[in-house]
Amino acid sequence: MCFERNVAKFLLFNFVVLAAAGTLLRYLNCFSLSGVNYQFLLHSHSHFAFAGWMFLSIAFLSFHQFKHPQIISKPRFNLIFWFTIFVSFGMLASFFLSGYKLISIVFSTLFVFIGYSFVVILFKSKMLAKTSPHAVVILLKSALFFLVLSSLGPFFLGYLQAKGFKNIALQQNSIYFYLHFQLNGFMQLSLLALFFKRYLKQNLVENRRITFYATVFSFSTLPLYAMFILWQKPAIWVYVLVFVSAIIHFSAWLMLLYKLKPKLEPLSFLAKIALIAIGLQFFFQILIGIPIIGDWAFVSRNLIIGYIHLLTLGSLSPLIIDLLIQTGVLTPSARLNYFFILSVGSYLVLLFGSSFLTIFKIYIPHLPYYLFVSNLWILVIAVAYLIRAFNKKGIYNAPHHNFLIK
């Protein structure tokens, strides 16, 4: 149990570092700070978010919830864990100090290979073959497929740069390729698999419709990549593809929830908020498929940032914190959870609200300062979660759900 507590502390410490970097970014929008390059810090923040918070949390929770002691060994997870810690802080420092240079590219490449190792370990362990229900397996296998697929983005970007191609559109689309299949593919699907694994009742009897909706929901993520090339204002058929794919994606999600809702145990506050955020995200994806809205979305910086943080802070992070509680490495705190959601909600309202108001030529005065304060509150709450993890009373055994590695 001591090892699991230490992992939880590392995860929440990384969450604090991530929140601190985000707060510093907002600080730089309000005040000057000599010696800090905004773009370098932005790359540092995003890469650390993917590796040090999202990926590491997913790996930790996966080895807990899908483990089979006779197959999965603790040393295998330790290797993934320590390498990810090393690489994530390597990216944090190298991008912050020098941006995209040789050392930061090396660390980024190492992170891609850590992802490959994670996929190989899961499949070689045969955990997926022994896991039920089948809908969870579909979501997790799809997530692992998208994890591998996403790596084509940075590799293609590296190829373009090595060959001296200056095509900005191809470079930008390569970055979006990685972002989409990491965020909407690997991270969202894997955390939803972990969510359903935890909350579905043990005596679940599946049917073909549940399997069908899970499959459609997972693989409709593929054509949704077209959503990220709308910034080029492509042909109308691309907008149609995005619109239809988004409707199929959202419909499959609603049907999957509808079929599984009677089979779910009572949801926590954080889980409910995460599901609401996911629903809003999928609805926004449909709207983006409408040409006039899609064109507007990609010229509004706050709207793009809002969409990314609706996904990362609105749904993925609440799911991670909730599952850490459910696995027994963090004690629940209703007050802390409420404050976290309130802070995230205020931040998202400011981002989306300010973008919407600009349509009517209305601008929120001192908006950067309000966004900075909202980020500062998120940082304070992240520190509170970390303090709770270090408090001996902050660790408890989750009843009826012992997923800890022996």
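Read on for an overview of the structure. Model, not experiment: these values are computed from the prediction.

The rules behind these values
Residues numbered from 1 in each chain as written. Predicted model: local features only at pLDDT ≥ 70, side-chain atom pairs only at ≥ 80, totals over all residues. Heavy atoms only, no water. Salt bridge = Lys/Arg side-chain N within 4 Å of Asp/Glu carboxyl O. Helix = DSSP H or I, 4+ residues; strand = E, 2+ residues; numbered from the N terminus. 1 Å grid on protein atoms, 1.4 Å probe; cavity = no way out; pocket = protein on both sides within 12 Å on 5 of 7 lines; lining within 4 Å. Points joined across faces, edges and corners; volume = space filled by probe spheres on them. Nonpolar A, V, L, I, M, F, W, Y, C, P; charged D, E, K, R; others polar. Phe/Tyr/Trp six-rings, centres within 6.5 Å; stacked < 30°, edge-to-face > 60°. Buried < 20%, exposed > 50% of the residue type's maximum accessible area, 1.4 Å probe, protein only.

1. Some words on the pattern of salt bridges
1) Next: Per the counting criterion, the structure on display carries 1 salt bridge.
2) Next: Here Glu265 makes a salt bridge to Arg198, at a shortest N to O gap of 2.9 Å. Pair noted here: Glu265 is in the loop between α10 (236–260) and α11 (269–288) and Arg198 is in helix α8 (residues 168–199), with a separation of 67 residues, a long-range link.

2. A look at empty space enclosed by the protein
1) Next: Evaluation of the coordinates by the stated rule reveals 2 cavities of 30 Å³ or more.
2) Next: Of the voids in this model, the largest cavity is the one considered here, and its volume is about 60 Å³.
3) Next: Considering the residues around the largest cavity, the lining is formed by Phe111, Val112, Gly115, Tyr116, Leu147, Ser150, Ser151, Tyr178 and Gln182.
4) Next: Those elements that place two or more of their residues in the lining of the largest cavity are α4 (102–124), α6 (134–150) and α8.
5) Next: Looking at which element gives the most residues to the lining of the largest cavity, the answer is α4, with 4 residues.
6) Next: A per-class count over the lining of the largest cavity returns 5 nonpolar, 4 polar and no charged.
7) Next: Of the voids in this model, the second largest cavity is the one considered here, and its volume is about 40 Å³.
8) Next: If you list the elements that add at least two residues to the lining of the second largest cavity, you get α8 and α13 (301–326).
9) Next: A class-by-class count of the residues in the lining of the second largest cavity yields 6 nonpolar, 1 polar and no charged.

3. Some details on the layout of surface pockets
1) Next: Estimates place the volume of the second largest pocket at around 380 Å³.
2) Next: Going through the elements one at a time, α11, α12 (291–297), α13 and α14 (334–357) are the ones with two or more residues in the lining of the second largest pocket.
3) Next: At 4 residues, the largest contribution of residues to the lining of the second largest pocket is made by α13.
4) Next: For the lining of the second largest pocket, the residue count by class is 17 nonpolar, no polar and no charged.

4. Focus on the packing of aromatic side chains
1) Next: Inspection of every chain in the model, using the stated rule, returns 43 aromatic pairs.
2) Next: Ring centres of Trp253 and Phe282 lie 6.0 Å apart, and the angle between their planes is 85°; on these two criteria the pair is classed as edge-to-face. Linking Trp253 in helix α10 with Phe282 in helix α11, this pair joins segments that are 29 residues apart in sequence. Each member of the pair Trp253 and Phe282 is classed as buried.

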